[in-house]
Amino acid sequence: DCPGTGSTQAGRAAACQGCPNQRLCAAGAAAPDAAEATELRERLRGVKHTVLVLSGKGGVGKSTFSALLAHGLAADETKQVALLDIDICGPSIPKMMGLEGEQVHQSGSGWSPVYVEENLGVMSVGFLLSSPDDAVIWRGPKKNGLIKQFLRDVDWGEIDYLIVDTPPGTSDEHLSIVQYLSVAHIDGAVIITTPQEVSLQDVRKEINFCHKVKLPVIGVVENMSGFICPKCKNESQIFPPTTGGAEKMCQNFSVSLLGKVPLDPQIGKSCDKGQSVLSEAPESPATLSYRNIIQRIQEYCDQHHFQAEKIM
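The structure displayed is predicted, hence computed values, not measured ones. (Residues numbered from 1 in each chain as written. Predicted model: local features only at pLDDT ≥ 70, side-chain atom pairs only at ≥ 80, totals over all residues. Heavy atoms only, no water.)

Q: Help me get a handle on helix 2 (residues 34–43), residues and values and all.
A: For helix 2, every residue scored as buried is listed here: Glu36, Ala37 and Leu40. End-on view of helix 2: buried residues confined to an arc of 100°, all on one side of the axis. Turned more than 90 degrees from where helix 2 packs its buried face, Ala34 and Ala35 sit exposed. Where helix 2 is buried, its residues contact helix 5 (140–153) and helix 6 (172–181). (Buried < 20%, exposed > 50% of the residue type's maximum accessible area, 1.4 Å probe, protein only. Helix = DSSP H or I, 4+ residues; strand = E, 2+ residues; numbered from the N terminus. Arc of directions from axis to C-beta. Contact = heavy atoms within 4.5 Å.)

Q: Any chance you could break down the nonpolar core for me, citing the residues and the numbers?
A: In terms of nonpolar packing, the biggest core is built from 86 residues, with Leu52, Phe65 and Ile297 touching the most fellow members. Of the residues forming this core, the biggest block, seven residues, is contributed by helix 3 (residues 62–74). (Core = buried A, V, L, I, M, F, W, Y, C linked by side-chain atoms within 4.5 Å.)

Q: Which residues make up the side chain of Glu206, and what values do they have?
A: Inspection of the secondary structure puts Glu206 in helix 7 (residues 197–212). Lys62 is the oppositely charged side chain nearest to the buried, salt-bridge-free Glu206, at an N-O distance of 7.7 Å. Once residues lying within four places of it in the same chain are set aside, the contact partners of Glu206 are Leu54, Ser55, Gly56, Gly169, Thr170, His174 and Ile191. (Lys, Arg positive; Asp, Glu negative; His and termini not counted. Salt bridge = Lys/Arg side-chain N within 4 Å of Asp/Glu carboxyl O.)

Q: Account for the domain arrangement of the chain, naming residues and giving values.
A: Segmenting the chain into domains produces domain 1 (1–30) and domain 2 (32–310). Placing a centre on the C-alpha atoms of domain 1 and another on those of domain 2 gives a separation of 26 Å. (Domains from an automatic or database assignment.)

Q: Tell me about the sheet that holds strand 5 (residues 114–117), residues and numbers included.
A: In any sheet, the strands associate via hydrogen bonds between backbone groups, in a parallel or an antiparallel arrangement. Read from one edge of the open sheet, eight strands run 5-6-2-7-1-8-9-12, paired in mixed fashion. Looking along the sheet, the strands with just one partner apiece sit at the ends: strand 5 and strand 12 (257–260). With strand direction ignored, the average angle separating the axes of adjacent strands in the sheet is 20°. Note that strand 8 (residues 188–193) and strand 9 (residues 217–222) share five bridges and pair parallel. Bridged to Val190 within strand 9 is Gly219. The strands touched by helix 3 are strand 1 (47–54), strand 2 (81–85), strand 5, strand 6 (120–124), strand 7 (159–165), strand 8 and strand 9; relative to strand 7, the strand with the most contacts, the crossing angle is about 170°. Contacting strand 1 and strand 7, helix 6 runs over the sheet at an angle of about 165° to strand 1. (Pairing = 2+ DSSP bridges. Axes fitted to C-alpha atoms, helices over the stretch in contact; angles between N-to-C directions.)

Written as structure tokens, this is what we have:
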């Protein structure tokens, strides 16, 4: 019975009692004021599509998926892609994108993203730390402030796809990014899970979060969905889907299952080396699954953009 973060009753309704975000919602801390909304809208006006990568559960592969989604979209050299890492306390995107040790540069037009390729830029708090081992020990308001700064002060330029990698949960960072981006445009969220019930329990919460904040769900990706032996090609269930896995959950919530990605040791090796498994192992079952999922996301965004233009 959450009234929604944009409601005048946010943080004040009876249903808000006991919610960890009650104080944040009641103070309106996640919602930009009129001046901030104008600044954000102006900075993000060149962003055509925005996709959030979410999961209520940690360790299910959100950052891996975000990195590979960015690589997959940027394979089309006519497209400009940006990857924004708002996992403030666990920024793994610099490592995965081969950008560890890079620094953010500032110009008259704002912070410049760090580029992997000419058409693929990245921004992360990891670029602001003196060492990748530094701990970021911040309370919510400071995290929210940095997220706002990333959106408002980074010179994103003209972008076809902005991919936002998020931390686990449904808390401060998630409320902030949805509120800040709502002044511009969000195509929707891709939700990541693994097959076992202990993951699905948290991912159901994430789907409910999306519904409550009116964030469209593009679909669900099931990571670590079995292991295909590279020699005998037999499939083993490392994380058994004891309650039906992502497929059953998607049926219950009436959301799309975008695809299932099998476990593949090459994915972890590529991430550690800062490379893309899409190019390192182009014919692997995992890569083929990723490519199909990325194509479905592109089709969704194109259709969503077409419908928005018709309404306008």
